[in-house]
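Architecture at a glance
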Amino acid sequence: MNRDVRIAPSILAADQLRLAEQLEAIRTADYVHFDVMDGVFVPNLTFGPGLLSQIKEFTDVPVDVHLMISEPDRRFAAYLDAGADILTFHYEAQLHAHRTIYAIKDRGAKAAIAINPGTPVSVLDSLIDDVDMVLIMSVNPGFGGQSFIPKTYDKLQQLKRMCVKHDAHPLVEVDGGVTADNAGRIVTAGAQVLVAGSSVFKAPDPARAIADLRCAATHTVESEA
Ligand code: DX5
Ligand code: ZN
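About the cut-offs
- Sequence order sets the numbering: in each chain, residues are counted from 1 along the sequence as written.
- Both sets of labels track the order of writing: A upward for chains, 1 upward for ligands.
- Local features are withheld for residues below a pLDDT of 70 in this predicted model, meaning they are given only at 70 or higher, and side-chain atom pairs are given and counted only at 80 or more; totals for whole chains, interfaces and linings count all residues.
- Calculation of side-chain values draws on the structure's entire complement of heavy atoms; hydrogens and water are dropped beforehand.
- Between buried and exposed lies partly exposed: a residue is buried under 20% and exposed over 50% of the maximum accessible area for its type, with that area taken using a 1.4 Å probe on protein chains only.
- Helix and strand assignments come from DSSP, with helices taken as H or I runs of at least 4 residues and strands as E runs of at least 2, each series counted from the N terminus.
- Paired strands are those between which DSSP finds at least two bridges.
- In these notes, residues near a molecule or strand are those with any non-hydrogen atom within 4 Å of it.
- For the purposes of these results, a polar contact is taken to be a pair of N or O atoms within 3.5 Å, where, inside protein, one atom must be able to donate a hydrogen and its partner to accept one; residues adjacent in sequence count only when each atom of the pair is a side-chain atom.
- Per-residue and other accessible areas were derived by the Shrake-Rupley procedure at a 1.4 Å probe size, with only the shown protein chains allowed to occlude residues.
- For this classification, Asp, Glu, Lys and Arg are treated as charged, while Ala, Val, Leu, Ile, Met, Phe, Trp, Tyr, Cys and Pro are nonpolar and the rest, including Gly, are polar.
- Donor atoms: N, O and S within 2.8 Å of the metal, or within 3.2 Å for Na, K and Ca. Because water is excluded, sites can look incomplete.
- Key to geometry: four donors with every angle between 85 and 135 degrees are tetrahedral; four donors are square planar and six octahedral where opposite donors lie over 155 degrees apart and all remaining angles lie between 65 and 115; all other sites are irregular.
- Only the contacting stretch of a helix is used when fitting its axis, a line to C-alpha atoms as for every element, and angles between N-to-C directions run 0 to 180 degrees.
- Here a helix's expected span is defined as the number of its residues, less one, multiplied by 1.5 Å.
- Any two residues whose heavy atoms approach within 4.5 Å at even a single point are treated as in contact.
- Any Phe, Tyr or Trp ring, taking Trp's six-membered ring, that has another such ring centre within 6.5 Å forms a pair; planes under 30 degrees apart are called stacked, those over 60 apart edge-to-face, and the others tilted.
- To qualify as a nonpolar core, a set must consist of buried Ala, Val, Leu, Ile, Met, Phe, Trp, Tyr and Cys residues joined through side-chain atoms within 4.5 Å.

A word on the pairing of strand β4 (residues 86-90)
- The element β4 is largely enclosed, with a buried count of five among its five residues.
- Burial along β4 is two-sided: I86, T88 and H90 and L87 and F89, pointing in opposite directions, are all buried.
- Bridge count between strand β3 (residues 63-68) and β4: three bridges; the pairing is parallel. Bridging from a neighbouring strand, H66 pairs with T88 of β4.
- Bridging between β4 and strand β5 (residues 110-115) involves five bridges; their strand directions are parallel.

In structure tokens, the structure reads:
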């Protein structure tokens, strides 16, 4: 059984006009999930390194930066300068993934690679030994509030087998449509880090929602163990 479930609320779903208050409300989280969208790799625009610096000054919760941008190798350094603790880029956006992983690690941050719902887990076979974390997207990136794609469970199982084969131990993160109803099954299939936007920030009490997600994940895992 894996008790080490980590909750990463996505501030994409927060009330941006009350961001400081919303960050206070999630101080029991394991990470702040910071979604960077460039309007090219995904059809939406969000935040940049300036806001990331301010968030790093405001909170002690480590920040998990999810780059949904094209050519991340040319643009990731600004996010490390701004204090990203984990930096995730997309396999689909990058020609030189191996080089980018080590460029991130050399700067002292954790390096993670993400794959879209339409990308097979097999593309990670030659990178799984190198990354600190794998992000399996459970929605098509670009927007919050979408429904979890059930095929993700199979992909998590495939990833688990790949990790066993390689004796590799990256964290496994799932992002998109995570709720207290599916958290247990996601963790049982192999995830340790649950990104949750709507299910935390659209709840009346975000701290309560984090506790509920943690509880749902842990209890279902216990009962299935
Ligand atoms: C989607 C983003 C997610 C998003 C998740 O492209 O990467 O992090 O904020 O939002 P929910 O939890 O609402 O699906
Ligand atoms: Zn994300």
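A closer look at the site of ligand 1
- Surrounding ligand 1, one finds 20 residues, the nearest of these being D35, G142, D175, G197 and S198.
- The separation between an oxygen atom of ligand 1 and a polar side-chain atom of D175 is 2.7 Å.
- Against a free-state accessible area of 390 Å², the protein chains account for coverage of 99% of ligand 1.
- Going through the elements one at a time, β2 (32-37), β3 and β8 (193-196) are the ones with two or more residues in the shell around ligand 1.
- Top contributing element to the shell around ligand 1 by residue count: β2, with three residues.
- Class assignment for the residues of the shell around ligand 1 results in eight nonpolar, 10 polar and two charged.

Focus: the coordination of the zinc ion (ligand 2)
- Ligation of the zinc ion (ligand 2) by protein atoms is provided by H33 (NE2), D35 (OD), H66 (ND1) and D175 (OD), these donors lying 2.1 to 2.3 Å from the ion.
- Coordination at the zinc ion (ligand 2) comes from six donor atoms whose angles at the metal span 70 to 173°, giving a geometry best classed as octahedral.
- Counting along the primary sequence, the residues that act as donors to the zinc ion (ligand 2) give the motif H-x1-D-x30-H-x108-D. With H33 in strand β2 and H66 in strand β3, this residue pair connects regions lying 33 residues apart in the sequence.
- A residue is classified by how much of its surface remains accessible, and H33, at 0% relative accessible area, is buried.

Details of the sheet that holds β4
- A sheet is described by the order of its strands in space; here eight strands give the open sequence β1-β8-β7-β6-β5-β4-β3-β2, paired in parallel fashion. What marks the edges here is a single partner per strand, and that holds for β1 (6-9) and β2. Each neighbouring strand pair of the sheet contributes to a mean axis angle of 25°, computed without reference to strand direction.
- Sheet topology note: the β2/β3 ladder contains six bridges and is parallel. Across the sheet, the residue bridging to V32 is V63, located in β3.

So, helix α6 (residues 151-166)
- With 16 residues, α6 extends 23 Å between its outermost C-alpha atoms, agreeing within 8% with the 22 Å of an ideal straight helix rising 1.5 Å per residue.
- Along α6, the positions that sit buried rather than exposed are T152, Y153, K155, L156, L159, M162 and C163.
- Contacts made by the buried residues of α6 are with β5, β6 (133-137), β7 (171-175) and α7 (183-189).
- One or two positions beyond α6, positive phi appears at D167, with a value near 50°.

Details of the packing of aromatic side chains
- Tallying each qualifying case throughout the model produces two aromatic pairs.
- Between F34 and F47 the ring centres are 5.2 Å apart and the planes differ by 40°, which places this aromatic pair in the tilted class. Highlighted residues: F34 in strand β2 and F47 in the loop between β2 and α2 (49-58), separated in sequence by 13 residues.
- Residue class for F47 comes out buried when judged on its relative accessible area of 14%.

Quick word on the nonpolar core
- If you look at the biggest cluster of nonpolar residues, it comprises 64 residues, and the most contacted ones within it are I11, F34, V65, L87, L159, I186 and L194.
- Broken down by element, this core gets its largest block of residues, five residues, from α6.
- With residues near it in sequence (within four places) discarded, L87 still touches V65, L67, F76, Y79, L80, I104, K110, A111 and A112.
- One finds A8, I86, A112 and V195 within the second-largest nonpolar core, a separate group that totals eight residues.

By themselves, these are just geometric observations and shouldn't be taken as functional.
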